[in-house]
Amino acid sequence: MSATAEPTLSRHEWAAVSIALQDAERCGCAEQSRDAPAGILGRAAALVFGQNRPTSLADPRLEAVRRFVCASRRRRRAADDLAPPLATHGFSQAQIDALGLLSL
């Protein structure tokens, strides 16, 4: 038997996962930039129907987790195109794979 490390997450990282899953359920994890100005129709819809785009998390590491998990959940498969920022923030491939499994 080979001993392999389990892909653990911190309490804060699990909180970001929870937020991402909630965002996905509310259809509020649009993959476009959160900073892009909405057109007049977008602003009018937000005014009438409320804001459905979540506020980005202040910590870039946790925001990378939120975006990856939310997009994976919405797509029902791992959002491989959003995995590189996770690796940049120090997540191992095992952790990224585990986060991707949340999409099932």
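Everything below is about the structure printed above this text.
Residues numbered from 1 in each chain as written. Predicted model: local features only at pLDDT ≥ 70, side-chain atom pairs only at ≥ 80, totals over all residues. Heavy atoms only, no water.

Student: Where do I start with the packing of helix H3 (residues 60-75) against helix H5 (residues 93-100) in this structure?
Tutor: The axes of two packed helices give the description: the angle between them and the distance between them. Close contact between H3 and H5 brings their axes to 9 Å; oriented N to C, the two are set at 45 degrees. The angle between H3 and H5 places the two elements in the oblique class. Residues Val65, Phe68 and Val69 of H3 form the contact with H5, whose own contacting residues are Ile96, Leu99 and Gly100. (Axes fitted to C-alpha atoms, helices over the stretch in contact; angles between N-to-C directions. Helix = DSSP H or I, 4+ residues; strand = E, 2+ residues; numbered from the N terminus. Parallel < 35°, antiparallel > 145°, perpendicular 65-115°, else oblique. Contact = heavy atoms within 4.5 Å.)

Student: Just checking my understanding: could you explain the packing of helix H1 (residues 11-25) against H3 for this structure?
Tutor: Closest axis-to-axis distance for the H1/H3 pair is 8 Å, and the angle between their directions is 40 degrees. By the criterion of interaxial angle, the relationship of H1 to H3 is oblique. H3 is crossed by H1, and the crossing has right-handed handedness. Within the contact between the two elements, H1 uses His12, Glu13, Ala16, Val17, Ile19, Ala20, Leu21, Asp23, Ala24 and Glu25 and H3 uses Arg61, Leu62, Val65, Arg66, Val69, Cys70, Arg73 and Arg74. The residue inventory of the contact of H1 with H3, partitioned by class, reads 10 nonpolar, one polar and seven charged. (Left-handed = near helix turned anticlockwise from the far one by under 90°. Nonpolar A, V, L, I, M, F, W, Y, C, P; charged D, E, K, R; others polar.)

Student: Would you explain the packing of aromatic side chains in this entry?
Tutor: Aromatic rings considered in pairs are described by the distance between their centres and by the relative angle of their planes. This structure, assessed with the given rule, holds zero aromatic pairs. Across from the ring centre of Phe91, 3.9 Å away, lies the NZ or CZ of Arg61, which sits over that ring. (Phe/Tyr/Trp six-rings, centres within 6.5 Å; stacked < 30°, edge-to-face > 60°. Lys NZ or Arg CZ within 6 Å of the ring centre and 35° of its normal.)

Student: Can you help me understand the pattern of salt bridges in this one?
Tutor: Two side chains bearing opposite charge may form a pair once their charged atoms approach each other closely. Inspection of the entire model under this criterion finds six salt bridges. Linked by salt bridges that have partners in common, Asp23, Arg26, Glu63, Arg66 and Arg67 make up one network. (Salt bridge = Lys/Arg side-chain N within 4 Å of Asp/Glu carboxyl O.)

Student: I would appreciate a short explanation of the nonpolar core in the present structure.
Tutor: Most often, soluble globular proteins keep nonpolar side chains buried together rather than apart. Formed by 18 residues in total, the largest nonpolar core has its most connected members in Val65, Phe68, Val69, Leu86 and Leu99. When residues of this core are traced back to their parent elements, those giving at least two are H1, H3, helix H4 (83-88) and H5. Here this core gets seven residues from one element, more than from any other, and that element is H3. Once you skip the residues sitting within four places of it in the chain, Val69 turns out to touch Val17, Ala20, Leu21, Leu99 and Leu102. (Core = buried A, V, L, I, M, F, W, Y, C linked by side-chain atoms within 4.5 Å. Buried < 20%, exposed > 50% of the residue type's maximum accessible area, 1.4 Å probe, protein only.)

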